[in-house]
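# Report on the structure
So you can see what is in the structure, the chains are spelled out below.
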Amino acid sequence: MLSTCVDNIKSATSSSRDLSGVEARLCATLTQLSATLEEGISDVDLFRHHSDDVLSALHGLETCAGSKATIDCRTRRCLEKCRKAVLKAALAAPSGLEAQQILTNLAKCNVAFLEKLLSGPYGPREKAETTVSILDSLFQLATLSSNTQVPEGYDEAFDLLSRGRIITDRVPDSSSEEKLARANYLRCLSGAFANIAGSLYKVERHGFAIRFLAQGCPLSEDATSLFTEVLTTDPDVVSDKDAVAWNAHRNQVYRRWELLGVCHAKSGSRMEACSAFVKGIVFFPYDDASQLKDPVKAMLPPTLETAIDRVTHLSVVELHLDPEETSLRKALEAVGVSRQFIAAVLKRQVATLTDRTRPLVIETCARILQDLLVLYDSNHHPVLRAQVLVLILEHE
């Protein structure tokens, strides 16, 4: 038994030495490659050789360490520095050249290696840093793939961002800090989908843009919902930097839904376009609209007025939807929009429907006005209720 214990100790010591040697080799190859990239790729053959050395060292570390081993801080720093250098060079390299292909392959192998590290016995800080590195690489690789302007490149970009969704789904969210981190990951991921969609829209690739927005828009909702939960239950964990980022995000969400609606409309899918336009109105940042602070003299921002006019016309004149579906009251109430904001939106809907010769227009106006009346009871809002009753008499 004593002999067996001694053998095990010797084996563990030998394995530890082997791992240290492999990590040292990996650090050396990563440092060499980083230096080459900083100087610029002048010799493709030499660069390919350095790249192969890094890939070989990564494979050697995986083989030696296994799935449950850790890498030291020095190796992590070298890996991160090289990762950033590779992505920077890949984005700057001319498309289609061998150097860019080598760089892209390096970046993808780096992501695969980092994904394996996530399953290792690391603490929350190391796992958070690894997650950020993976997502950053996937976002930049997706941008690189979408720049090729060929369908295969768009498919690859979509697959890369979908891997990002898998990574974020694995992030724990037990504590407020973890929930905030996951919300931030989702916010960035939704932005990556939306950025590529915006580029596709500019080159009139509406069908491909829809595919990205159909993922990015709901992710924006999920991110906002999770952040709102953290802000409500534990506001102290939200930093000033987080608050600035989330304010910017809130001003982007409704624009993404509008862009999805425009893409659907240009593709001939009017019902899907209408649904997306409604979402754009629902997620408009009403709390930031100073024009709406006065419930009596509420003025809508021009962008919101245009959106309401468009969705109301589409619902009634083109799609012939039931009056209940056209009214935006329930959709706005479902996300907690305040009474005066909903009232201003409904009044705009009524004002948009000017052709009172059509039966459906008359029915829709009557329904929206009844929804408006529901918002005001005679005890708390007698003046506003009286105004609505006058509108009802005018439309009878």
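Look a little higher up for the structure.
Residues numbered from 1 in each chain as written. Predicted model: local features only at pLDDT ≥ 70, side-chain atom pairs only at ≥ 80, totals over all residues. Heavy atoms only, no water.

### Quick look at the overall build of the protein
Selection rule: Strands here mean DSSP runs of E at least two residues long; helices mean DSSP runs of H or I at least four residues long; both are numbered from the N terminus. The quantity called the radius of gyration is restricted to C-alpha atoms. Its globule counterpart is 2.2 Å times the number of residues to the power 0.38. Under the scheme applied here, a residue whose accessible area is under 20% of the maximum for its type counts as buried, over 50% as exposed, and between as partly exposed, the area being computed with a 1.4 Å probe on protein chains only. Should any heavy atoms of two residues lie within 4.5 Å, those residues are considered in contact. Working definition of accessibility: Shrake-Rupley area with a 1.4 Å probe, residue cover restricted to the visible protein chains. Residues scored as positive are Lys and Arg, those scored as negative are Asp and Glu, and His as well as the terminal groups of each chain are ignored. To locate a charge, the coordinates of NZ of Lys, CZ of Arg, CG of Asp or CD of Glu are taken.
Per the secondary structure count, the protein includes 16 helices and 0 strands. Compactness check: the protein gives a C-alpha radius of gyration of 28 Å against a globular reference of 21 Å for 396 residues, more than 25% above the reference. Projected onto the principal axes, the alpha-carbon positions of the protein cover approximately 95 × 50 × 35 Å. Looking at the protein as a whole, 43% of its 396 residues are labelled buried. Of the contacts made within the protein by residues no fewer than 6 positions apart, 67% connect residues no fewer than 24 positions apart. Total accessible area on the protein stands at roughly 20,200 Å², and carbon and sulfur atoms take up 54% of it. Computed over 44 positive and 51 negative side-chain charges, the separation of the two mean positions in the protein equals 1 Å.

### Quick notes on unusual backbone geometry
Despite not being glycine, Glu204 has its phi angle at roughly 60 degrees, a positive value. With respect to the helices, strands and loops of the structure, Glu204 is situated in the loop between α7 (176-202) and α8 (206-233). Using a relative accessible area of 62% as the deciding quantity, one classes Glu204 as exposed. A positive phi angle is found at His320, which is not glycine, with a value near 55 degrees. Under the relative-accessibility criterion, His320 is labelled exposed at 52%.

### Digging into the nonpolar core
Under the convention used in this document: What makes a nonpolar core is a set of buried Ala, Val, Leu, Ile, Met, Phe, Trp, Tyr and Cys residues whose side-chain atoms join them at distances within 4.5 Å.
Counting 73 residues, the largest nonpolar core has Leu33, Leu37, Val86, Leu103, Leu161 and Phe212 as the members making the most contacts within it. Setting aside its immediate chain neighbours within four residues, Phe212 contacts Tyr154, Ala157, Phe158, Leu161, Phe193, Ile196, Ala197 and Leu200. Judged by nonpolar contacts, the second largest core, of 40 residues, contains Tyr254, Tyr286, Ala344 and Leu373.

### Considerations on the environment of Arg270
Put simply, the test is: For this analysis, a polar contact is any N or O atom pair within 3.5 Å, provided that within protein one partner can donate a hydrogen and the other can accept it, and provided that sequence-adjacent residues contribute only side-chain to side-chain pairs.
Structurally, Arg270 is set in helix α10 (residues 270-282). Residues Arg270 and Ser315, 45 residues apart in the sequence, show an inter-C-alpha distance of 9.3 Å. Ignoring sequence-local partners within four residues, the contact set of Arg270 consists of Leu314, Glu318 and Leu319. In terms of polar contacts, Arg270 uses its side chain to reach the side chain of Glu318, at 3.5 Å.

### Details of the side chain of Ser327
Residue position: Ser327 is located in the loop between α12 (323-326) and α13 (329-334). Of the polar contacts made by the side chain of Ser327, one reaches the side chain of Asp371; its length is 2.6 Å. Discounting chain neighbours no more than four positions away, the residues touching Ser327 are Leu346, Gln349, Ile368 and Asp371.

### Some points on the layout of surface pockets
Note the cut-off: Grid points spaced at 1 Å over the protein atoms alone were grouped into cavities, where a 1.4 Å probe fits but cannot get out, and pockets, open sets with protein on both sides within 12 Å along at least five of seven lines, with lining residues defined by an atom within 4 Å of a point. Grid points are joined across faces, edges and corners, and a volume is the space filled by probe spheres set on the points. Gly falls in the polar group here, along with every residue not listed as nonpolar (Ala, Val, Leu, Ile, Met, Phe, Trp, Tyr, Cys, Pro) or charged (Asp, Glu, Lys, Arg).
Quantified by volume, the largest pocket comes out at close to 610 Å³. For the largest pocket, the lining is made up of 23 residues, of which Thr224, Thr228, Arg250, Asp287 and Val335 are closest to its centre. When residues of the lining of the largest pocket are traced back to their parent elements, those giving at least two are α8 and α9 (240-266). The dominant element in the lining of the largest pocket, judged by the number of residues it contributes, is α8, at 6 residues. The class makeup of the residues in the lining of the largest pocket is 14 nonpolar, 6 polar and 3 charged. Broken down by secondary-structure element, the contributors of at least two residues to the lining of the second largest pocket are α4 (98-118), α5 (124-146) and α7.

### Details of empty space enclosed by the protein
For the coordinates displayed, the defined rule picks out 1 cavity of 30 Å³ or more. Volume-wise, the largest cavity comes out at about 90 Å³. Taken together, the elements giving at least two residues each to the lining of the largest cavity come down to α1 (2-39), α2 (44-65), α3 (73-92) and α4. In terms of residue count, the dominant contributor to the lining of the largest cavity is α3 (4 residues). Of the residues contributing to the lining of the largest cavity, the split by class is 10 nonpolar, 1 polar and 1 charged.

### A word on the pattern of salt bridges
Side chains carrying opposite charge are able to pair once their charged atoms draw close together. Inclusion rule: Whenever a carboxyl oxygen of Asp or Glu lies within 4 Å of a side-chain nitrogen of Lys or Arg, that contact is scored as a salt bridge.
For the coordinates displayed, the defined rule picks out 25 salt bridges. Across the pair Arg182 and Asp169 runs a salt bridge whose closest N-O atoms are separated by 3.4 Å. With Arg182 in helix α7 and Asp169 in helix α6 (residues 151-169), this residue pair connects regions lying 13 residues apart in the sequence. Judged by its relative accessible area of 15%, Arg182 is buried. One network of salt bridges, with partners in common, ties together Arg165, Asp169, Asp173, Arg182 and Asp222.

### Brief notes about the packing of α7 against α9
Basically, it comes down to this: Every axis in this analysis is a line fitted to C-alpha atoms, fitted for helices over the stretch in contact. Angles between the N-to-C directions lie between 0 and 180 degrees. For classification purposes, an angle smaller than 35 degrees is called roughly parallel, one larger than 145 roughly antiparallel, one from 65 to 115 roughly perpendicular, and anything else oblique. In a left-handed crossing the near helix is turned counterclockwise from the far helix by less than a right angle, and in a right-handed crossing that turn is clockwise.
Running from N to C, α7 and α9 cross one another at 40 degrees; their axes reach a closest spacing of 10 Å. The angle between the axes of α7 and α9 places the two elements in the oblique class. By crossing handedness, the relation of α7 to α9 is classed as left-handed. Where α7 approaches α9, its residues Leu180, Ala183, Asn184, Arg187, Ser190, Gly191, Ala194, Gly198 and Tyr201 are matched on the opposing element by Asp242, Ala245, Trp246, His249, Arg256, Leu259, Val262, Cys263 and Lys266. Residues belonging to the contact of α7 with α9 are distributed by class as follows: 9 nonpolar, 5 polar and 4 charged.

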